[in-house]
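Here's the letter readout for the chains.
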Amino acid sequence: MTLPILVLRLVVGILAFPMYLLNLLGVWNWICKRCFPYFLLRFTVIYNEQMASKKKELFSNLQEFAGPSGKLSLLEVGCGTGANFKFYPPGCRVTCVDPNPNFEKFLFKSVSENRQLQFERFVVAAGENMHQVADGSMDAVVCTLVLCSVENQGKILREVCRVLRPRSMSSDEWSAAEDEGQLSRLRRKSRDSPFVPVGVAGFVAVLSYGLYKLKSRREEKMSLRLIHVRVAAQGCAVGAVTLGVLYSMYKDYIRPRFFSVPRK
Ligand SMILES: C[S@@+](CC[C@H](N)C(=O)[O-])C[C@H]1O[C@@H](n2cnc3c(N)ncnc32)[C@H](O)[C@@H]1O
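- The protein appears in an unreviewed UniProt entry as Methyltransferase-like protein 7A isoform X3 from Mesocricetus auratus.
- As recorded by UniProt, the Subcellular location (unreviewed entry) comment attached to the protein reads in full: "Mitochondrion".

**Remarks on the domain arrangement of the protein**
- In terms of domains, the protein is made up of domain 1 (2–31), domain 2 (33–167) and domain 3 (182–258).
- Placing a centre on the C-alpha atoms of domain 1 and another on those of domain 2 gives a separation of 35 Å.

**So, the pattern of salt bridges**
- All chains considered together, the criterion is met by 4 salt bridges.
- Glutamate 113 is the partner of lysine 109 in a salt bridge, and the nearest nitrogen-oxygen pair spans 2.9 Å. Linking lysine 109 with glutamate 113, this pair stays in helix α3 (residues 104–113), spanning 4 residues, or about one helical turn.
- The class for lysine 109 is partly exposed, based on a relative accessible area of 47%.
- Taking the relative accessible area as the measure of exposure, glutamate 113 reaches 52% and is therefore exposed.
- A salt bridge links arginine 165 to aspartate 139, with the nearest nitrogen and oxygen atoms 2.6 Å apart.

**A few points about helix α1 (residues 2–24)**
- The largest bend in α1 is about 45 degrees, located at alanine 16, with the proline proline 18 one to four residues further on.
- Once α1 finishes, glycine 26 follows within two positions and takes phi at roughly 80 degrees, a positive value.

**As for the site of the ligand**
- Among the 19 residues in the neighbourhood of the ligand, the closest are listed as Gly78, Asp98, Gly127, Glu128 and Thr144.
- Contact distances for the ligand include 2.7 Å between a nitrogen atom and a backbone N or O atom of glycine 78.
- For the ligand, an oxygen atom lies 2.6 Å from a polar atom in the side chain of aspartate 98.
- Isolated, the ligand exposes 600 Å² of accessible area, and the fraction of that covered by the protein chains is 87%.
- Breaking the shell around the ligand down by element, the ones donating at least two residues are α2 (28–59) and β1 (73–77).
- In the shell around the ligand, the residues fall into 11 nonpolar, 5 polar and 3 charged.

**Quick word on the environment of leucine 214**
- Checked against the element boundaries, leucine 214 lands in the loop between α7 (195–212) and α8 (222–258).
- The sequence separation of leucine 214 and arginine 225 amounts to 11 residues, and the corresponding C-alpha distance is 7.5 Å.

**Remarks on the packing of aromatic side chains**
- Under the definition given, this model contains 10 aromatic pairs.
- Between phenylalanine 43 and tyrosine 47, the aromatic rings sit 5.3 Å apart at their centres with planes inclined by 20 degrees, giving stacked as the arrangement. Placement of the pair is phenylalanine 43 and tyrosine 47 together in helix α2, with a separation of 4 residues, close to one helical turn.
- Look at tyrosine 47 and you get partly exposed, because its relative accessible area is 24%.
- Between the aromatic rings of phenylalanine 85 and tyrosine 88, the centroid separation amounts to 6.1 Å while the plane-to-plane angle is 45 degrees, which identifies the pairing as tilted. Summarising the burial analysis for this pair, phenylalanine 85 and tyrosine 88 share the class buried.

**Brief notes about the sheet that holds strand β2 (residues 93–98)**
- Pairing within the open sheet is parallel, and its 4 strands lie in the order β3-β2-β1-β4. Both edges of this open sheet fall to β3 (118–124) and β4 (140–142), since each of them pairs with a single strand only. Each strand of the sheet is rotated relative to its neighbour by a mean of 20 degrees, with strand direction disregarded.
- Alignment of β1 against β2, held across 5 bridges, turns out to be parallel.

**Some thoughts on α3**
- By the burial criterion, the buried members of α3 are Phe106, Leu107, Ser110 and Val111. An end-on view of α3 places all buried positions within 145 degrees of arc, on one side of the element. Residues Lys105 and Glu113 are exposed on α3 and point more than 90 degrees away from its buried face.
- Packing partners of the buried residues in α3 comprise α2, β2 and β3.

Parameters at a glance
- Residues numbered from 1 in each chain as written.
- Predicted model: local features only at pLDDT ≥ 70, side-chain atom pairs only at ≥ 80, totals over all residues.
- Heavy atoms only, no water.
- UniProt positions renumbered as here; feature names shortened; annotations may be inferred.
- Domains from an automatic or database assignment.
- Salt bridge = Lys/Arg side-chain N within 4 Å of Asp/Glu carboxyl O.
- Helix = DSSP H or I, 4+ residues; strand = E, 2+ residues; numbered from the N terminus.
- Buried < 20%, exposed > 50% of the residue type's maximum accessible area, 1.4 Å probe, protein only.
- Bend = angle between axes of the 7 residues up to and from the residue.
- Near = heavy atom within 4 Å.
- Polar contact = N/O pair within 3.5 Å; in protein donor to acceptor, adjacent residues only side chain to side chain.
- Areas by Shrake-Rupley, 256 points an atom, 1.4 Å probe, with all protein chains shown as cover.
- Nonpolar A, V, L, I, M, F, W, Y, C, P; charged D, E, K, R; others polar.
- Phe/Tyr/Trp six-rings, centres within 6.5 Å; stacked < 30°, edge-to-face > 60°.
- Pairing = 2+ DSSP bridges.
- Axes fitted to C-alpha atoms, helices over the stretch in contact; angles between N-to-C directions.
- Arc of directions from axis to C-beta.
- Contact = heavy atoms within 4.5 Å.

Rendered as structure tokens:
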């Protein structure tokens, strides 16, 4: 067992050696920053194809956040090549922040392909410190595929709060976001994942029935009967959860691919 591991470690070491060397010489980071935009450009084409419907849905209400002027000021943190530009509403004023200056060329190309936007500026900075962007100057902030790989998510989120324009919420929004009672939250969650309450109900029903029938078990041992009841109840819950997972997979991956679902 140890020999194959040693051999594998040696192979990985040999393959990774050029990277270690370049890192030691201080050029690896520079190479990554240069090459990453080219890679991301290719990745974006495939990713946007797969995610088009989700992104459309996600960005569909952006215009509702526009300020009193009616124009939406939007900040994109970690903009990359501008993959989200085509999903922004017409007339949207876009400011971009990214620590990698090599994205500028790609960003301008994306701007020229998305004439509906009003591009403001590209700020070379990390999201953790965007002091170039004024307090309360943005109506919306977009950040996709970024927070998973940054150094300090908390700092970025604090910066996002700082640059966002303070906004009062309408009573409708309050009732949806804040005043949702326990019962309605439970109802909404049950609607989203109906198999969870079905599983819980099945578990309780099987368990209750098993316990109710405990007296009529004749010569069967009590411990054995209890094990049977527990296995049946657990089987019911696991079955419901499995059905739920299969249904989610169908809903999220199979249905959108093979059947055109009308958008709400
Ligand atoms: C995977 S790309 C995503 C690009 C784009 N948001 C998208 O959805 O296609 C991650 C981007 O985050 C940027 N980035 C990395 N660290 C960052 C940080 N600390 N603050 C802001 N952006 C960062 C990278 O330069 C890169 O452009």
